[in-house]
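Geometric and topological summary
These are the residues of each chain, in order.
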Amino acid sequence: MSQQQSAAPATATTTVARRRDWWRDAVIYQVYPRSFADSNGDGMGDLEGVRSRLPYLRDLGVDAVWLSPFYASPQADAGYDVADYRAVDPMFGNLLDADALIRDAHGLDLRIIVDLVPNHSSDQHEWFKRALAEGPGSPLRDRYHFRRGKGVSGELPPNDWESIFGGPAWTRVPDGEWYLHLFAPEQPDFNWEHPAVGDEFRSILRFWLDMGVDGFRIDVAHGLVKAEGLPDLGGADQLKLLGNDVMPFFDQDGVHEIYRQWRHVLDEYAGERIFVAEAWTPTVERTANYVRPDELHQAFNFQYLSTAWDAKELRTVIDRTLEAMRPVGAPATWVLSNHDVTRHATRFANPPGLGTQIRTAGDRELGLRRARAASLLMLALPGSAYVYQGEELGLPDVVDLPDEVRQDPAYFRGAGQDGFRDGCRVPIPWTRDGSSYGFGDGGSWLPQPASWGGLSVEAQSGEAGSTLELYRAALRLRRAQPDLGAGEAVEWLRAPEGVLAFRRGEFVCVANTGGESVTTPAYGRLLLSSGEVTEADGEAKLPADTTVWWTTA
């Protein structure tokens with residue numbers, strides 16, 4: 001009987017800060033600052049809290065840290081409504097805190113990627129406030145999408161577009177004009193046809209690059225440009241088309257010229273800075289357009305995130321992803337969870353086909369077993385991988401938050417997105433005990449379940465078989481194994497139904513996605529497995545929902 005973490009500790013000594021093309025195989029850890037660590041006891045995570053936990057992230061073995069927005073904001077959508085792109089919101093600290101975090105991260109060979117929100121601003125942004133105050137005809141209104149309404153007296157919205165958060169995508173102001181907001185009314189969309197918008201964002205890029213950040217994750221990268229004339233979409237239930245069809249406000253070809261201009265700015269700076277696109281597109285082939293050589297470096301693979309725990313479906317999306325990225329020379333990316341979707345330990349605990357926001361806990365044991373196996377599979381694939389804070393602890397979504405504590409704006413809109421994103425944003429646990437399990441000294445902005453202590457970093461550290469130690473071992477091996485990390489292909493091996501098996505040089509990964517044990521060849525020396533594996537006479541017995549790594553060296 002071989003244990004799940006039977007490998008000798010790998011000793012990768014590569015200095016991240018000096019490694020060329022680091023982004024082609026980087027493991028990037030997403031920090032949602034308000035839920036990561038609270039340094040001042042106000043119940044809200046902050047930059048100093050993140051800074052204090054950087055050694056944990058270094059020891060986990062990630063290459064870079066992506067920080068969700070910490071800019072000055074009224075927080076109508078958890079910071080994705082930015083009032084000032086060059087200021088830190090006081091709840092998170094100040095620019096000196098940001099500077100210290102960046103410097104400390106670099107001292108630990110960690111890179112820092114910050115969120116950029118170019119599709120829309122806050123309604124408290126100075127431009128928008130002036131546009132409202134100056135009234136119709138104000139030049140500032142041209143930097144957003146202000147329009148007269150339809151109907152006898154302009155009482156109807158200018159077109160039939162629906163907000164992603166539900167309801168119409170237009171809000172009427174007292175002077176009678178309407179403005180466009182694809183998300184919450186507090187998030188008016190910029191008009192990217194206006195040259196001042198492009199000038200401003202190129203200046204914002206330089207501000208943060210001068211601060212030393214290593215890249216930007218571009219929120220709603222598929223947005224920004226709208227179809228000429230803002231044509232009606234036609235029909236109801238428009239949100240069902242998202243990510244599945246061409247939309248007049250998403251994935252317009254004009255966005256690519258914007259990113260070519262941004263790439264010129266980025267390339268002025270040394271140190272291999274990068275852009276990462278959050279681009280929901282109908283196909284992975286459309287996603288590949290964002291990562292052509294003169295545009296962005298990476299794009300999130302939402303098709304992979306949305307795929308069920310099923311060998312046939314997974315192989316299809318893996319093949320299509322690698323095939324789509326190969327012609328443009330970009331690395332594939334793989335992601336299972338983020339701040340907008342139900343954690344994969346809960347998604348996989350439920351039947352397939354329920355989408356990426358799920359309200360039921362499902363079978364917790366099944367979900368964790370599948371999540372561990374899925375994570376090892378993801379980390380074995382060629383390209384770059386993303387880890388969302390807490391997934392290395394096997395955290396489930398908190399599906400039973402009381403209605404009165406919810407803060408997701410979509411929840412209060414009554415339509416559109418389900419509005420249950422708060423469940424994946426509950427502050428993570430660091431210690432077994434305490435008012436917020438080590439998150440901070442003053443409780444937490446969302447209530448944590450009683451089970452959090454047993455899932456904490458303290459409880460899992462050094463515990464053989466824990467999910468945290470599984471991630472630590474996997475990330476060590478990923479750096480140490482020459483055939484892991486960057487690449488553009490896998491060699492598929494013959495495998496039983498419900499099983500994925502592939503080779504990358506001397507490395508072999510086998511994932512049993514089925515509900516029964518299977519017997520496969522023992523491909524060499526077992527490096528790591530997500531569950532107990534029995535080996536005898538050149539064969540290996542893999543339990544249900546288990547992934548195994550071997551080396552033939």
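Please read all numbers here as calculations on a predicted model, not as lab measurements.

Notes on the overall build of the protein chain
A tally of regular secondary structure across the protein chain gives 14 helices and 21 strands. Its C-alpha atoms give the protein chain a radius of gyration of 23 Å, within 12% of the compact-globule value 24 Å for 553 residues. With the C-alpha coordinates aligned to their principal axes, the bounding extent of the protein chain is approximately 80 × 45 × 45 Å. Across the 553 residues of the protein chain, 59% fall into the buried class.

A word on the sheet that holds strand β21 (residues 546-551)
Here five strands make up an open sheet; going across it, the order is β14-β15-β16-β21-β18 and the pairing antiparallel. Single-partner strands in this sheet number two, and they are β14 (491-492) and β18 (525-529). The sheet contact formed by β18 and β21 spans four bridges and is antiparallel. When the sheet's bridge partners are listed, serine 529 is paired in β21 with valine 548.

Details of the sheet that holds strand β5 (residues 111-116)
The sheet built from eight strands is open, its strands ordered β11-β10-β9-β5-β2-β1-β13-β12 with parallel pairing. Lying at the two open borders of the sheet, with one neighbouring strand each, are β11 (298-299) and β12 (333-335). Of the pairings in the sheet, the one linking strand β2 (residues 64-67) to β5 comprises four bridges and is parallel in character. Along β5, the bridge assignment pairs tryptophan 66 with isoleucine 113. Docked against the sheet, helix α6 (residues 255-266) engages β5, β9 (215-218) and β10 (274-277), running at close to 150 degrees with respect to β10.

Focus: the pairing of strand β1 (residues 27-31)
Most of β1 is tucked away, with five of its five residues classed as buried. Of the two faces of β1, the one carrying Val27, Tyr29 and Val31 and the one carrying Ile28 and Gln30 are both buried. Examined bridge by bridge, β1 and strand β13 (residues 384-388) share four bridges and lie parallel to one another. Bridging from a neighbouring strand, glutamine 30 pairs with tyrosine 388 of β13.

Focus: the pattern of salt bridges
Enumeration over the complete set of coordinates arrives at 34 salt bridges. The salt bridge partner of arginine 260 is glutamate 257, with a shortest N-O separation of 3.6 Å. Of this pair, arginine 260 and glutamate 257 both sit in helix α6, three residues apart, which is roughly one turn of the helix. When its relative accessible area of 41% is taken as the criterion, glutamate 257 is described as partly exposed.

Observations regarding the side chain of glutamine 252
Relative to the elements of secondary structure, glutamine 252 occurs in the loop between β9 and α6. For glutamine 252, a relative accessible area of 17% puts it in the buried group. A distance of 2.7 Å separates a polar atom in the side chain of glutamine 252 from the backbone oxygen of methionine 247.

Examining the packing of helix α3 (residues 95-107) against helix α5 (residues 195-211)
Close contact between α3 and α5 brings their axes to 10 Å; oriented N to C, the two are set at 55 degrees. In terms of their interaxial angle, α3 and α5 are classed as oblique. The segment α3 lies against α5, with Leu95, Ala98, Asp99 and Ile102 engaging Phe207, Trp208 and Met211. Here the residues of the contact of α3 with α5 sort into six nonpolar, no polar and one charged.

Considering the nonpolar core
A general tendency of soluble globular proteins is for nonpolar side chains to be buried together. Counting 131 residues, the largest nonpolar core has Leu57, Phe216, Tyr259, Trp262, Tyr304 and Trp549 as the members making the most contacts within it. When neighbours within four sequence positions are excluded, tryptophan 262 is seen to be in contact with Leu116, Pro118, Trp192, Phe201, Arg202, Leu205, Ile218 and Phe275.

Examining the packing of aromatic side chains
How two aromatic rings sit relative to each other is set out by the distance from centre to centre and by the angle between their planes. In total, this model carries 36 aromatic pairs according to the counting rule given. Seen from their ring centres, phenylalanine 128 and tyrosine 179 are 5.0 Å apart, and the 75 degrees between their planes marks the pair as edge-to-face. Here tyrosine 179 lies in strand β8 (residues 178-180) and phenylalanine 128 lies in helix α4 (residues 126-134), a separation of 51 residues in the sequence. The pair formed by phenylalanine 128 and tyrosine 179 is uniform in burial state, with each residue classed as buried. Measuring from ring centre to ring centre gives 4.9 Å for phenylalanine 249 and phenylalanine 250, while their planes differ by 80 degrees; the resulting arrangement is edge-to-face. Classification of phenylalanine 250 as buried rests on a relative accessible area of 7%. Between arginine 141 and the ring centre of phenylalanine 146, over which it is positioned, the NZ or CZ distance is 4.5 Å. Taking the ring centre of phenylalanine 348 as reference, the NZ or CZ of arginine 347 above it sits at 5.7 Å.

Points about the environment of alanine 553
Structurally, alanine 553 is set in the segment after β21. Sequence spacing of alanine 553 and lysine 541 is 12 residues, and the spatial spacing of their C-alpha atoms is 21 Å.

Re unusual backbone geometry
Not every positive phi belongs to a glycine, and alanine 78 is a case in point at roughly 50 degrees. Mapped onto the secondary structure, alanine 78 falls in the loop between β3 (71-72) and β4 (84-88). A positive phi angle is found at leucine 230, which is not glycine, with a value near 50 degrees. Inspection of the secondary structure assignment puts leucine 230 in the loop between β9 and α6.

What counts, and where the lines are drawn
- Residues numbered from 1 in each chain as written.
- Predicted model: local features only at pLDDT ≥ 70, side-chain atom pairs only at ≥ 80, totals over all residues.
- Heavy atoms only, no water.
- Helix = DSSP H or I, 4+ residues; strand = E, 2+ residues; numbered from the N terminus.
- Rg over C-alpha atoms; globule rule 2.2 N^0.38 Å.
- Buried < 20%, exposed > 50% of the residue type's maximum accessible area, 1.4 Å probe, protein only.
- Pairing = 2+ DSSP bridges.
- Contact = heavy atoms within 4.5 Å.
- Axes fitted to C-alpha atoms, helices over the stretch in contact; angles between N-to-C directions.
- Salt bridge = Lys/Arg side-chain N within 4 Å of Asp/Glu carboxyl O.
- Polar contact = N/O pair within 3.5 Å; in protein donor to acceptor, adjacent residues only side chain to side chain.
- Parallel < 35°, antiparallel > 145°, perpendicular 65-115°, else oblique.
- Nonpolar A, V, L, I, M, F, W, Y, C, P; charged D, E, K, R; others polar.
- Core = buried A, V, L, I, M, F, W, Y, C linked by side-chain atoms within 4.5 Å.
- Phe/Tyr/Trp six-rings, centres within 6.5 Å; stacked < 30°, edge-to-face > 60°.
- Lys NZ or Arg CZ within 6 Å of the ring centre and 35° of its normal.

Taken by themselves, the reported measurements are silent on function.
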